[in-house]
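Chain residues, written in single-letter form:
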Amino acid sequence: MSNFVAPEVKKFVAWDYVVFAALFLVCASIGVFFAVKERKKKTSKEFLVGGKQMTCGPIAFSLTTSFMSAVTVLGTPSEVYRYGASFVLFFLSYALVIIFTAELFLPVFYRSGITSTYEYLELRFNKIVRLAATLIYILQTILYTGIVVYAPSLALNQVTGFDLWGSVIATGIVCTFYCTLGGLKAVVWTDAFQMIVMVVGFVTVLIRGTTLNGGSTKVWEDAYEGSRLNIFDFDVDPLRRHTVWTIVIGGTFTWLGIYGVNQSTIQRCISCKSEKHAKLALYLNLLGLWIVLVCAVFCGLVMYSHYKSCDPWTAGFISAPDQLMPYFVMDIFSSMPGVPGLFVACAFSGTLSTVAASINALATVTLEDLVKKGFPNLSEKMSTWISKGLCILYGILCASMAAGASLLGGVVQASLSIHGMCGGPMLGLFTLGIVFPCANWKGAVGGLFAGIILAFWVGTGSFIYPAPPAKSIPLQLSTLNCTLTNSTEALTTAAPAEASDRPLLADTWYSLSYLYFSAIGCLGCAIAGLLISFITGPSKGEDIPPVLIKPVCNLFCFWSERLKTLLWCGVGHDSQEVDFEKNLPKVIANKTGTGNTFKNSINKENKCQFPGYNPEENSYTNMSRESRL
């Protein structure tokens, strides 16, 4: 095999560390600012959901930054470099995800007056369903957050020389610090700052890379000649890694599972002062998602133009594809001290936002779904201190999980797959509750476990037996112009040899595109849940508060009032006055304040204007507890 001489790529210098440290300092300062500013507001509600008085602007920034972790900053350009620009089709997936979230899931969560999304499951089903979902979410989020911390730390360490465990520990400390001091407001405003850092970092790399490679026209020509612009592949084969169908359909399920019903996202939305602001934040966030996606895709094309004749991964200059982007940055900015530090700050902005969002969401879920269930008479002051203690605990756990993630391989795709495998069944569970009034708690529990078994079966199988090379092999990469030490032979990427002892399912079921894991879990949960519900006796619609159900059948049965009423399964969507005390389940009536929250909810279909309705904005406005009483 040929040995290549790696070009000298400089490591971090003093100015790079100064720029990078400045990011951490600003983030910590935001936490201190809100701790001082909000020191007299000591309620747990104020700490965890910003007093429900946030506006759409910072929430939109925060959603975008949390959505785009370092997995995106490092993984997407590498993906485009190796597989082509078909990744840009995710702009369709993102649009569908935002529409479903804003129009289907958000109205139900917002009008329910909940703090934790898993409160909904108890209101709709019972405590068992809520507890099962909460525990799955906590385990999933800790594991994913550990991977999100470890992946960029590893990639940047091996290329830039930035200390691996130093970055892991620093990330954990800073996120825990500003979460604990400032609560959700600190997280949101820090995310807004990190969004700016992320976009500036991408644009800087794009401008410098394009200039060095002969301009945008030359970059486009190189990408076309290297088959990187073959975007629209309409092959319906579900085993193909990325086609139009896997990205648009599978990608929508995957991101809806970790976006539409995820505590981290919904917690931000319900912190807005009105439902209109919450929806506007989601649609503004969509613009941010598109901007970051386009920047990442073009960075991948510029990177390919730069290395088209000497691929550093094939040549062995780097040990993993995830290190391509940091290697590229250190290469093109070697003569500009401080700029590589800006990119590292860009990558870690994504990590910081994701970790901070996870810590805040985990603290909220644990307090609302576990602590308050065991100790229902906690004072507000004690709840706030417990919230801060939980932030510290989960900060330590997430940083510790990064050490466990060091034992995994291929962490970037693994993180998305794990989120898909857990997020899919959870999406199916919430869909059962919101869309199907006939689903009962037995169907919900049975469907959840059926979805998890299916998703983990296919996901684990795909990790053990990767898809056949013909379905996922990267596009050609060349080392033609790399400097050789002992021969003149150039290398191109070669297909790995196939194992002879693969089981029967290895080339079919286990070879499904990883983007379909979430769809399998969601559909498995929904179908099994409906079957079990019908076998054990479906729920009676008159016992379900209309605010907990979104009557999507109205869209398809607008011509027939009788058919609509039939599909409502007895839920009183057409009642002119909703008697919430009578219709709420007993568990709601026993909760202090929850009944009041529901009384202020509004049935949009009949436009009953209960307290909290703002006729000027034509939406629902959050009211303080004192105002409601």
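This text goes with the structure placed above it.
The paragraphs below set out a description of the structure included in this document. Because the structure is a prediction, the values reported are computed rather than measured.

The subject of this paragraph is the side chain of S93. Among the structural elements, S93 can be located in helix 5 (residues 90-112). Sequence-distant contacts of S93, defined by excluding residues within four places in its chain, comprise I247, V248, G251 and T252.

Following the criterion strictly, the structure yields nine salt bridges and no others. With its nearest N and O atoms 3.0 Å apart, the salt bridge here joins D235 to R240. Note on R240: relative accessible area 23%, which makes it partly exposed. The salt bridge involving E275 is made with K279; its shortest N-O contact spans 3.7 Å. Residue E275 and its partner K279 are located together in helix 12 (residues 275-307), separated by four residues, close to a single helical turn.

Our next topic: the environment of L454. Note that L454 resides in helix 17 (residues 441-464). Each C-alpha atom, one on L454 and one on I520, is 6.8 Å from the other, the two residues being 66 residues apart in sequence.

Before going further, it helps to examine the packing of aromatic side chains. For the structure on display, the rule yields 17 aromatic pairs. Taken together, a centroid distance of 4.6 Å and an interplanar angle of 40° make the contact between F87 and F90 tilted. With a centroid separation of 5.8 Å and 55° between ring planes, the pair formed by Y118 and F430 is classed as tilted. Pair noted here: Y118 is in helix 6 (residues 117-124) and F430 is in helix 16 (residues 411-435), with a separation of 312 residues, a long-range link. By the burial criterion, Y118 is buried, and F430 matches it. Grouping aromatic residues by their ring pairs yields a cluster made of F109, Y118, Y120, Y137 and F430. The aromatic ring of Y83 is capped on one face by R241, whose charged end is 4.3 Å from the ring centroid.

Bringing the packing of helix 12 against helix 13 (residues 324-332) into the picture now. Close contact between helix 12 and helix 13 brings their axes to 11 Å; oriented N to C, the two are set at 65°. Where helix 12 crosses over helix 13, the two elements pack in a sense that is left-handed. Mapping the contact onto sequence places C299, V302, M303, H306 and Y307 in helix 12 and L324, M325, Y327, F328, D331 and I332 in helix 13. For the contact of helix 12 with helix 13, a count of residues per class yields nine nonpolar, one polar and one charged.

With their axes 10 Å apart at the nearest point, helix 5 and helix 12 run at an angle of 165° to one another. Comparing their axes, helix 12 and helix 5 come out roughly antiparallel. Where helix 5 crosses over helix 12, the handedness of that crossing is right-handed.

Take unusual backbone geometry next. A negative phi angle characterises most non-glycine residues, just as the trans form characterises most peptide bonds. In this structure, S227 is a non-glycine residue whose phi angle is positive, near 65°. For S227, the location among the structural elements is in the loop between helix 9 (216-225) and helix 10 (244-257). Since its relative accessible area comes to 32%, S227 is described here as partly exposed.

Together, F232, F234, V236, W245 and I249 give the surface a local cluster of nonpolar side chains, amounting to about 540 Å² of exposed area. Among the structural elements, I249 can be located in helix 10.

Looking now at helix 9. Among the residues of helix 9, those classed as buried are V219, D222 and A223. Mapping the buried residues of helix 9 onto a view down its axis gives an arc of 100°, with all of them on the same face. Along helix 9, exposed side chains directed more than 90 degrees from the buried face belong to T217, Y224 and E225. Count one or two residues on from helix 9 and you reach S227, which has phi positive near 65°.

Parameters at a glance
Residues numbered from 1 in each chain as written. Predicted model: local features only at pLDDT ≥ 70, side-chain atom pairs only at ≥ 80, totals over all residues. Heavy atoms only, no water. Helix = DSSP H or I, 4+ residues; strand = E, 2+ residues; numbered from the N terminus. Contact = heavy atoms within 4.5 Å. Salt bridge = Lys/Arg side-chain N within 4 Å of Asp/Glu carboxyl O. Buried < 20%, exposed > 50% of the residue type's maximum accessible area, 1.4 Å probe, protein only. Phe/Tyr/Trp six-rings, centres within 6.5 Å; stacked < 30°, edge-to-face > 60°. Lys NZ or Arg CZ within 6 Å of the ring centre and 35° of its normal. Axes fitted to C-alpha atoms, helices over the stretch in contact; angles between N-to-C directions. Left-handed = near helix turned anticlockwise from the far one by under 90°. Nonpolar A, V, L, I, M, F, W, Y, C, P; charged D, E, K, R; others polar. Parallel < 35°, antiparallel > 145°, perpendicular 65-115°, else oblique. Patch = residues over 30% accessible without salt bridge, like charges linked within 9 Å, V, L, I, M, F, W, Y side chains within 5 Å. Areas by Shrake-Rupley, 256 points an atom, 1.4 Å probe, with all protein chains shown as cover. Arc of directions from axis to C-beta.

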